[in-house]
Amino acid sequence: MRESTTNNDTRGHFIGGREVSGTESIAVVNPATGNEFGAIPDGDSDDVDAAIERARARFADWNDIAPAERGRILTRIAETLRENADSIAALLVRENGKSRSNAATEVEIGARYFEYYAGIADKIHGDSIPLTNHYVDYTLREPLGVTAHIVPWNFPVMLLGRTVAPALAAGNATIVKPAEQTPLTAIEIAQLADDAGLPDGVLNVVQGYGPDVGAPLAGHPDIDGVAFTGSVPTGRDVATRAVENFNPVHIEAGGKNPHVVFPDADLDNAIEHTLTSIFTFNAGQVCSAGDRLILHDDIHDEFLDRLIDRVRELTVGPGEDNPDVSPIVSETQFDHVIGYIDVGREEIGEPVIGGDALDRDGYYIEPTIFDGVTRDMRIAQEEIFGPVLAVLTFTDEAEAIKLANDTEYGLVAGIQTTNVNRAHRFARDVDAGQIYVNEWFAGGVETPFGGYEMSGFGREKGLEAIENFTQTKNVCLNIDNDLE
Ligand code: NAD
């Protein structure tokens, strides 16, 4: 068990198996108080070069380790993360603001990614292809080489594990660029992975701002693949840079996800899942948040009244107190969410509940619901990424599906109904990478995840993620060539 972190957390990059400091620094702020409690180096392209050089030097050795042994090392990383779960979760609460229970869940999922991909490390193999008896033809699944992993602030532990674990399982050496708002858990995980026996230089972390570190990393000629999770504009920039080098890239971007409730649904269940979908999990700062609630006209009034009663019971406060709704990650994001509440007021008037910041230090916003939202409004179309719910209504199934599809995004969609045929029609007709039926945030590390349309391309999680970090080589032999 490592020592728990102190209130003055100054950490560095992690390059070649050791922590490296920088000269200029970026402050790390606790969203619960607005106070600085740590710092990281303000990295640049020289740090990116150094990390790539170390990763490149270690790639061949790592790839040469027997896959089963790579799996054992990943298993030990998962175990080490679990042994240190309390201190990582405490650090996560401090840097991101999320509640203690949300942080504990996230650390467990982060560990689970390493455990899951540990079991796959020795099952990544090619095929043999029949081409007549004169040939032997087979495919090899080879790692890409050195891969870049650009991570956002909303789930810094889980999303690091989500792309780094499959990349390592497939034999790649990795470089992580954490979000500058939540950089400390990444360095902690890299150190713990080192403690667990991961060879030096196979998991590197370069700290800094996106344009100074993320951009040169994504476009670096010595990078062989890029995994990006974050916003649409950054994703577009990252994808463009990666494609310049013809590097494989996958993009996990934003969402504006529809949650459709039919009159035949179990309304108690639907209400509880609505709360989780937008308020009580990371204060709605979730790409797959259920930020558009689409209610059938017949149940709209009852559902909304009951939902508002439940929202009144939610506590808002510091992550340390394990509230229902935790603070927003940063002042910038706080301003962004408050800005959208102002847009909502202009578009439709007062919210039916919430709408204000708490009068205290830190970045707290009340859970907020706008009713009577129509499809053309900005609060129906744009990702707010906070505890703000837009409520729309529909009269029949065709209209529900049309509304569900009516944004530029297509990440996830949810339906509440007891009609199994309707649930399958919804799954068939809605353009989203994942469909939830009667439960929001369903699925696990095993289930493929990713977006349609502007929500991105490529799939993470599950077996499919291995595709992101391998390339196929075909070997074709004419075995009769040497016959007279
Ligand atoms: P962001 O795009 O601002 O930043 C994401 C990461 O990219 C950070 O590490 C940042 O430093 C880096 N970055 C910034 N500019 C860069 C540049 N020019 N080149 C390379 N890297 C750069 O996103 P954010 O605000 O941190 O995260 C919120 C967004 O992430 C939301 O849109 C959310 O929906 C999305 N998200 C998507 C998923 C998913 O799985 N689809 C998961 C979580 C978050």
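Look above for the structure.
Being a predicted model, the structure only gives us computed values, none of them experimental.

Asker: Please explain the nonpolar core as it appears in this structure.
Answerer: Side chains that are nonpolar tend, in soluble globular proteins, to be buried together. Counting residues in each nonpolar core, the largest one holds 114 residues, and the members touching the most others are F114, F303, L307 and I369. Looking at this core, you find at least three residues from each of domain 1 (9-253 + 457-472) and domain 2 (258-445). Apart from residues no more than four positions distant in its own chain, F303 is found in contact with V261, L267, A270, I271, T274, L293 and L295. In terms of nonpolar packing, the next biggest core, distinct from the first, is built from 26 residues, V146, V206, V213 and V238 among them.

Asker: What's the story with the packing of aromatic side chains in this structure? I'm lost.
Answerer: Each aromatic ring pair is described using two quantities: the centre-to-centre distance and the angle formed by the ring planes. Under the defined criterion, the tally for this structure stands at 8 aromatic pairs. Feature note: the residues F155, F281, Y436, W440 and F441 constitute an aromatic cluster, connected by ring pairs. One cation-aromatic arrangement involves R70 over W62; the distance from NZ or CZ to the ring centre is 6.0 Å. When the ring centre of Y364 is taken as reference, the NZ or CZ atom of R360 above it lies at 4.6 Å.

Asker: Would you take a moment to explain the pattern of salt bridges for this structure?
Answerer: Charged atoms that come close allow side chains of opposite charge to pair. A full pass over the atoms with the stated rule returns 30 salt bridges. One salt bridge connects R345 with E350, and the closest N-O pair in it is separated by 2.8 Å. Looking at R345, the relative accessible area reads 24%, which means it is partly exposed. A salt bridge links E397 to R422, with the shortest nitrogen-to-oxygen separation between them at 3.2 Å. Of this pair, E397 sits in helix α13 (residues 397-404) while R422 sits in helix α14 (residues 420-429), and the two are 25 residues apart along the sequence. Exposure remark for R422: the relative accessible area of 18% places this residue in the buried category. Within this structure, R82, E108, R112, E115 and E446 form a network of salt bridges that share partners.

Asker: Can you help me understand the sheet that holds strand β4 (residues 25-30) in this one?
Answerer: In sheet architecture, strand pairing relies on hydrogen bonds along the backbone and comes in two forms, parallel and antiparallel. Taken together, the 3 strands give an open sheet; going across it, the order is β1-β5-β4, and neighbouring strands pair in mixed fashion. The two strands at the open ends of the sheet, each matched to only one other strand, are β1 (9-10) and β4. Most of the contacts of helix α3 (residues 85-96) go to β4, to which it runs at about 100°, and overall it touches β1, β4 and β5 (35-41).

Asker: How should I be thinking about the pairing of strand β8 (residues 173-177) in this particular structure?
Answerer: Where a strand is regular, its side chains alternate between the two sheet faces. With respect to burial, β8 is a largely interior element, 5 of its 5 residues being buried. Residue alternation in β8 divides its side chains into two sets, A173, I175 and K177 and T174 and V176, and both sets are buried. Here strand β7 (residues 146-150) pairs with β8 via 5 bridges, running parallel. By the bridge assignment for β8, V146 is matched with A173. On the question of chirality, the crossover connecting β7 to the parallel β8 by way of helix α5 (residues 158-169) is right-handed. Inspection of the sheet shows β8 paired to strand β9 (residues 203-205) by 3 bridges, in the parallel sense. Across the sheet, residue I175 finds its bridge partner in β9, namely N204.

Cut-offs used in this document
- Residues numbered from 1 in each chain as written.
- Predicted model: local features only at pLDDT ≥ 70, side-chain atom pairs only at ≥ 80, totals over all residues.
- Heavy atoms only, no water.
- Core = buried A, V, L, I, M, F, W, Y, C linked by side-chain atoms within 4.5 Å.
- Buried < 20%, exposed > 50% of the residue type's maximum accessible area, 1.4 Å probe, protein only.
- Domains from an automatic or database assignment.
- Contact = heavy atoms within 4.5 Å.
- Phe/Tyr/Trp six-rings, centres within 6.5 Å; stacked < 30°, edge-to-face > 60°.
- Lys NZ or Arg CZ within 6 Å of the ring centre and 35° of its normal.
- Salt bridge = Lys/Arg side-chain N within 4 Å of Asp/Glu carboxyl O.
- Helix = DSSP H or I, 4+ residues; strand = E, 2+ residues; numbered from the N terminus.
- Pairing = 2+ DSSP bridges.
- Axes fitted to C-alpha atoms, helices over the stretch in contact; angles between N-to-C directions.
- Right-handed = clockwise from strand over helix to strand, strands pointing away.

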